[in-house]
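# Remarks on the overall topology
Here is what each chain is made of, one letter per residue.
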Amino acid sequence: MENFIINTPNFASYLGFLALFAYIITLLPTILRIVFPVTKKTNIPKILLKYRRQIGVISFLLGAAHGILLFMKRSFDVFDLKSYLIYSQGIVILTIFTLLAITSNDWSVKKLKKNWRRMHQLTYILMFLLMWHISEKMFGHWTYITPLGIIASLSITILFLIRKWIEYKKNSLKV
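In this text the structure is predicted, and so the values were computed from the model without any measurement. Along each chain, residue indices are assigned from 1 in the same order as the chain's sequence is written. Confidence filtering applies because this is a predicted model: local features only for residues at pLDDT of at least 70, side-chain atom pairs given and counted only at 80 or more, and all residues used for totals across whole chains, interfaces and linings. Derived side-chain values reflect all non-hydrogen atoms in the structure, with water molecules and hydrogen atoms excluded from consideration.

## Description of the packing of helix 7 (residues 122–138) against helix 8 (residues 146–174)
For every element, the axis is a line fit to its C-alpha atoms; helices are fit only across the contacting stretch, and the angle between N-to-C directions ranges from 0 to 180 degrees. The way it works is that DSSP assigns letters per residue, a run of H or I at least four long becomes a helix, a run of E at least two long becomes a strand, and they are numbered from the N terminus. Their axes nearest at 10 Å, the elements helix 7 and helix 8 cross at an angle of 150 degrees. If you check the angle between helix 7 and helix 8, you find them roughly antiparallel. Note that helix 7 runs across helix 8; the crossing there is left-handed. Between helix 7, through Tyr124, Met127, Phe128, Leu130, Met131, Ile134, Ser135 and Met138, and helix 8, the contact on the second element is made entirely by Thr146, Gly149, Ile150, Ser153, Leu154, Ile156, Thr157, Phe160, Leu161 and Arg163. The cut-offs work like this: below 35 degrees is roughly parallel, past 145 is roughly antiparallel, 65 to 115 is roughly perpendicular, and the gaps in between are oblique. Crossings are sorted by hand: turned counterclockwise from the far helix by less than a right angle, the near helix makes the crossing left-handed, and turned clockwise it makes it right-handed. Contacts are assigned to residue pairs that have any heavy atoms within 4.5 Å of one another.

The following block contains the structure:
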């Protein structure tokens, strides 16, 4: 029963939640356009698409601050293999976020060409990693923002899967 005690979130948790929220906003334009085609009339996907890169960079900065604060709080030991096992999810997530953030500019799009698009497909792996990260790291010491993070993460993942299914059906009908 003690696993279900609701704790007060620390500042790092707020930053992680805001990073997740900003990240979800970057995924919405395409999902809204495909899963909810009626939103095209509202221009919401177009507005979100216009600022997607900037919001993605903000998400990275919030996520990096989240990670740095937790490393400092928990005194990450670079010489202990156990530390890397404990923080492996966060390290992989931050690495992907870093790659996406540093290539979220016009120069990178021009230089990387098709590879830019492939690299930015990592965002979909990130979606699943974040869902796992939130549920696994917060298990046993939830705050009141944990269920919101899990619901938001699960919801965007389900919407993404619905989007992929719609695209698959549409493409299979063309053949």
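## Details of helix 7
A helix is expected to span 1.5 Å multiplied by its residue count minus one. Relative to the 24 Å expected for 17 residues at 1.5 Å per residue, helix 7 spans 24 Å between its end C-alpha atoms, a close match to the ideal helical length. Whether a residue is buried, partly exposed or exposed follows from its accessible area with a 1.4 Å probe, protein chains only, as a fraction of its type maximum: under 20%, in between, or over 50%, in that order. If you check which residues of helix 7 are buried, you get Thr123, Tyr124, Leu126, Met127, Leu129, Leu130, His133, Ile134 and Met138. Where helix 7 is buried, its residues meet helix 1 (11–35), helix 3 (52–73), helix 4 (81–102), helix 6 (114–120) and helix 8. Where helix 7 terminates, the next one or two residues include glycine 140, which has phi positive at roughly 95 degrees.

## Examining the side chain of serine 104
As for its placement among the helices and strands, serine 104 is situated in the loop between helix 4 and helix 5 (106–112). By the criterion applied in these results, polar contacts are pairs of N or O atoms within 3.5 Å in which, for protein atoms, one can donate a hydrogen and the other can accept it, and in which residues neighboring in sequence qualify only through two side-chain atoms. One polar contact links the side chain of serine 104 to the main-chain carbonyl oxygen of leucine 100, over a distance of 2.5 Å. Ignoring sequence-local partners within four residues, the contact set of serine 104 consists of Arg53, Val57 and His120.

## Here's the deal with the nonpolar core
Counting 21 residues, the largest nonpolar core has Tyr23, Leu27, Leu126 and Met127 as the members making the most contacts within it. Broken down by secondary-structure element, the contributors of at least two residues to this core are helix 1, helix 3, helix 4, helix 7 and helix 8. Residue contacts for methionine 127: discarding those within four places in its chain leaves Tyr23, Leu27, Ser153, Ile156, Thr157 and Phe160. Throughout, nonpolar core names a set of buried Ala, Val, Leu, Ile, Met, Phe, Trp, Tyr and Cys residues whose side chains join them through atoms within 4.5 Å.

## Brief notes about the packing of helix 1 against helix 8
Running from N to C, helix 1 and helix 8 cross one another at 25 degrees; their axes reach a closest spacing of 10 Å. Relative to helix 8, the element helix 1 lies roughly parallel. The chirality of how helix 1 crosses helix 8 is left-handed. On helix 8, the residues that touch Phe17, Leu20, Ile24, Leu27, Leu28, Thr30, Ile31, Ile34 and Val35 of helix 1 are Leu148, Gly149, Ala152, Ser153, Ile156, Leu159, Phe160, Ile162, Arg163, Ile166 and Glu167. Looking at the contact of helix 1 with helix 8 residue by residue, the classes come out as 15 nonpolar, three polar and two charged. Each residue is assigned to one of three groups, with Ala, Val, Leu, Ile, Met, Phe, Trp, Tyr, Cys and Pro labelled nonpolar, Asp, Glu, Lys and Arg labelled charged, and all others, Gly among them, labelled polar.

## Quick notes on the pattern of salt bridges
The salt bridge definition used is simple: a Lys or Arg side-chain nitrogen within 4 Å of an Asp or Glu carboxyl oxygen. Counted according to the given criterion, the structure contains four salt bridges. The partner of arginine 163 in a salt bridge is glutamate 167, with the nearest N and O atoms 3.2 Å apart. Of this pair, arginine 163 and glutamate 167 both sit in helix 8, four residues apart, which is roughly one turn of that helix. We classify arginine 163 as buried; its relative accessible area is 8%. A salt bridge links lysine 164 to glutamate 167, with the nearest nitrogen and oxygen atoms 3.4 Å apart.

## Let's talk about unusual backbone geometry
One non-glycine residue with positive phi stands out, namely asparagine 43, at about 70 degrees. The residue asparagine 43 is located in the loop between helix 1 and helix 2 (44–50) in this model. The phi dihedral of lysine 113 falls on the positive side, at around 50 degrees, and the residue is not glycine. Note that lysine 113 resides in the loop between helix 5 and helix 6. Owing to a relative accessible area of 63%, lysine 113 belongs among the exposed residues under this scheme.

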